[in-house]
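Notes for the structure review
Okay, here's what each chain looks like letter by letter:
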Amino acid sequence: MKKVLVFGGFGFLGYFLLKELLARNYDVTVADIKRNEEFDGVVSFFYCDISKKEEVEKVFDSAHFEIVYNLAGFANLDYAVQEPLKTLQLNVIGNMYILESCVKANIEKFIYASSAYAMSNKGSFYGISKLASEKIIEEYHQKFNLDFTILRYGSVYAEKDYDNNYIYNVIKEAVLENQINHKGDGNEIREYIHAADAARLSVDVIESDSFNNIHVILTGSERMKRSDLFNMINEILNHRIEINYRQSDPQNHYKFTPYSFEPSLSRKLIANPHIDMGQGILECIRSVYKKENVKM
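Below is a short write-up of the structure. (Residues numbered from 1 in each chain as written. Predicted model: local features only at pLDDT ≥ 70, side-chain atom pairs only at ≥ 80, totals over all residues. Heavy atoms only, no water.)

Observations concerning helix H2 (residues 53-62)
Listed in full, the buried residues belonging to H2 are Glu-55, Val-56, Val-59 and Phe-60. On an axial view of H2, the arc spanned by its buried residues comes to 140 degrees, and they lie on one face. In H2, the exposed positions angled more than 90 degrees off the buried face are occupied by Glu-54, Lys-58 and Asp-61. (Buried < 20%, exposed > 50% of the residue type's maximum accessible area, 1.4 Å probe, protein only. Helix = DSSP H or I, 4+ residues; strand = E, 2+ residues; numbered from the N terminus. Arc of directions from axis to C-beta.)

Structure representation (structure tokens):
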């Protein structure tokens, strides 16, 4: 069993990644600023703020790891726009602390959770932090021979209540307030991928050398307008939802595609089979009803 260290393992995507790693019998350690009691006794846990170098080093001193994932840092674009300094401290400097320890510990492979916004001129400080980290990782490979895979995640969703789980939050508003309020015209296009599918692909990349030292795009297989998403939710909820569009400049969010320029070539992975969008939305709705104690 290979030893895998996951920074940010108790976050939104991290939850599903841990499930997949454990299902494949990896020995998993999580470094995070919060803990999830669901994984007590199943994974090892270290409290770690990646903006503090000594805390990162302490985790690496605890055991020898072969594979390291970094999912930690700001994952919410809107929060990152409001906190530029903290965003760069966590997403860039924090990532460098992890890279430094990976080199010293002779880690076999480093997996970085990037974003489609690393390929875009949108995304403000969030996109900048992801692109900067990508370039730094590439340089660590050149200078220190640290193998890596950079995963550029698209629009990930699931039936879990996290602030960066867009679809869940839209459904929560629909169920509790009977309305969906959207800043935009609804024509924005996204390729949604369920977090379980994203996690499966995220583990696939450590089981093949063909993914060494490349960039991988992880998105869904279906392109969907936001308006179509809202209409699908409304139909499942028996057409009782009021959908309100508020015209505004998307500013930091892309409308049709994240591709503004291509800093590095990347390969796109699509889950096949994958969780159907309608089924995924239905699971999100059931989860909201259960968590918020709403009667059917």
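What about the nonpolar core?
If you look at the biggest cluster of nonpolar residues, it comprises 38 residues, and the most contacted ones within it are Val-6, Leu-21, Val-28, Tyr-69, Tyr-153 and Ile-206. Sorting the residues of this core by element identifies strand E1 (3-7), helix H1 (12-23), strand E2 (27-32), strand E4 (67-70), strand E5 (109-115), strand E6 (148-153), helix H7 (195-204) and strand E11 (214-218) as the ones contributing at least two each. Considering every element that reaches this core, the biggest residue donor is H1, with 7 residues. Each residue touching Ile-206, except ones within four places of it in the same chain, is listed here: Leu-21, Tyr-26, Ile-67, Tyr-69, Lys-109 and Ile-111. In terms of nonpolar packing, the next biggest core, distinct from the first, is built from 30 residues, Val-59, Phe-60, Phe-74 and Ile-98 among them. (Core = buried A, V, L, I, M, F, W, Y, C linked by side-chain atoms within 4.5 Å. Contact = heavy atoms within 4.5 Å.)

As for the packing of helix H6 (residues 166-177) against helix H9 (residues 277-291)
A packed helix pair is summarised by two numbers, namely the angle formed by the two axes and the spacing between the axes. Contact pair H6 / H9: the axes reach a minimum separation of 9 Å and the direction vectors enclose 55 degrees. Classified by the interaxial angle, the pair formed by H6 and H9 is oblique. Two packed elements cross with a definite hand, and for H6 against H9 that hand is right-handed. In this structure, H6 uses Ile-167, Tyr-168, Ile-171, Lys-172 and Val-175 to contact H9, whose residues at the interface are Met-277, Ile-281, Cys-284, Ile-285, Ser-287, Val-288, Tyr-289 and Lys-291. (Axes fitted to C-alpha atoms, helices over the stretch in contact; angles between N-to-C directions. Parallel < 35°, antiparallel > 145°, perpendicular 65-115°, else oblique. Left-handed = near helix turned anticlockwise from the far one by under 90°.)

Here we look at the pattern of salt bridges
Tallied over the full model, the rule gives 16 salt bridges. Of the charged contacts in the structure, one is a salt bridge between Glu-138 and Lys-135, with a shortest N-O distance of 3.1 Å. Separated by 3 residues within a single helix, Glu-138 and Lys-135 lie in helix H5 (residues 124-144), roughly one turn from each other. For Glu-138, a relative accessible area of 15% corresponds to the buried category. Assessed through its relative accessible area of 38%, Lys-135 is described here as partly exposed. Linking Glu-139 and Lys-143 is a salt bridge whose minimum nitrogen-to-oxygen distance equals 2.4 Å. Residue Glu-139 and its partner Lys-143 are located together in helix H5, separated by 4 residues, close to a single helical turn. Salt bridges linked by common partners bring Glu-20, Arg-24, Asp-204 and Glu-207 together as one network. (Salt bridge = Lys/Arg side-chain N within 4 Å of Asp/Glu carboxyl O.)

Quick notes on the pairing of E4
What you see with E4 is no split at all: Ile-67 and Tyr-69 on one side and Val-68 and Asn-70 on the other are buried throughout. Where E1 and E4 come together, 4 bridges link them in parallel fashion. Each bridged residue has a counterpart across the sheet, and for Phe-7 the counterpart in E4 is Asn-70. Here 4 bridges tie E4 to E5, and the two strands are oriented parallel to one another. Directly across from Val-68, in E5, lies its bridge partner Phe-110. (Pairing = 2+ DSSP bridges.)

Details of a nonpolar patch on the surface
On the surface, Leu-88, Phe-125 and Ile-128 cluster together into a nonpolar patch covering about 240 Å² of accessible area. Mapped onto the secondary structure, Leu-88 falls in helix H4 (residues 84-104). For Leu-88, a relative accessible area of 33% puts it in the partly exposed group. (Patch = residues over 30% accessible without salt bridge, like charges linked within 9 Å, V, L, I, M, F, W, Y side chains within 5 Å. Areas by Shrake-Rupley, 256 points an atom, 1.4 Å probe, with all protein chains shown as cover.)

Considering the packing of H6 against helix H8 (residues 226-236)
Relative to each other, H6 and H8 sit at 45 degrees, their axes nearing to 11 Å. Taken together, the axes of H6 and H8 are oblique relative to one another. The chirality of how H6 crosses H8 is right-handed. Note on element contacts: H8 touches H6 through Arg-226, Leu-229, Phe-230 and Ile-233, opposite Tyr-166, Ile-167, Val-170, Ile-171 and Ala-174.

Some points on the packing of aromatic side chains
For the structure on display, the rule yields 11 aromatic pairs. Judged by centre distance (5.6 Å) and plane angle (25 degrees), the ring pair of Phe-10 and Phe-45 falls under stacked. Residue Phe-10 is located in the loop between E1 and H1, and its partner Phe-45 is located in strand E3 (residues 44-47); the two are separated by 35 residues in the primary sequence. Relative accessible area serves as the criterion here: at 22%, Phe-45 is assigned to the partly exposed category. Among the aromatic side chains, those forming a connected cluster through ring pairs are Phe-10, Phe-12, Tyr-15, Phe-16, Phe-39, Phe-45 and Tyr-162. Over the ring of Tyr-166 we find Arg-226; its NZ or CZ atom is 4.0 Å from the centre of that ring. (Phe/Tyr/Trp six-rings, centres within 6.5 Å; stacked < 30°, edge-to-face > 60°. Lys NZ or Arg CZ within 6 Å of the ring centre and 35° of its normal.)

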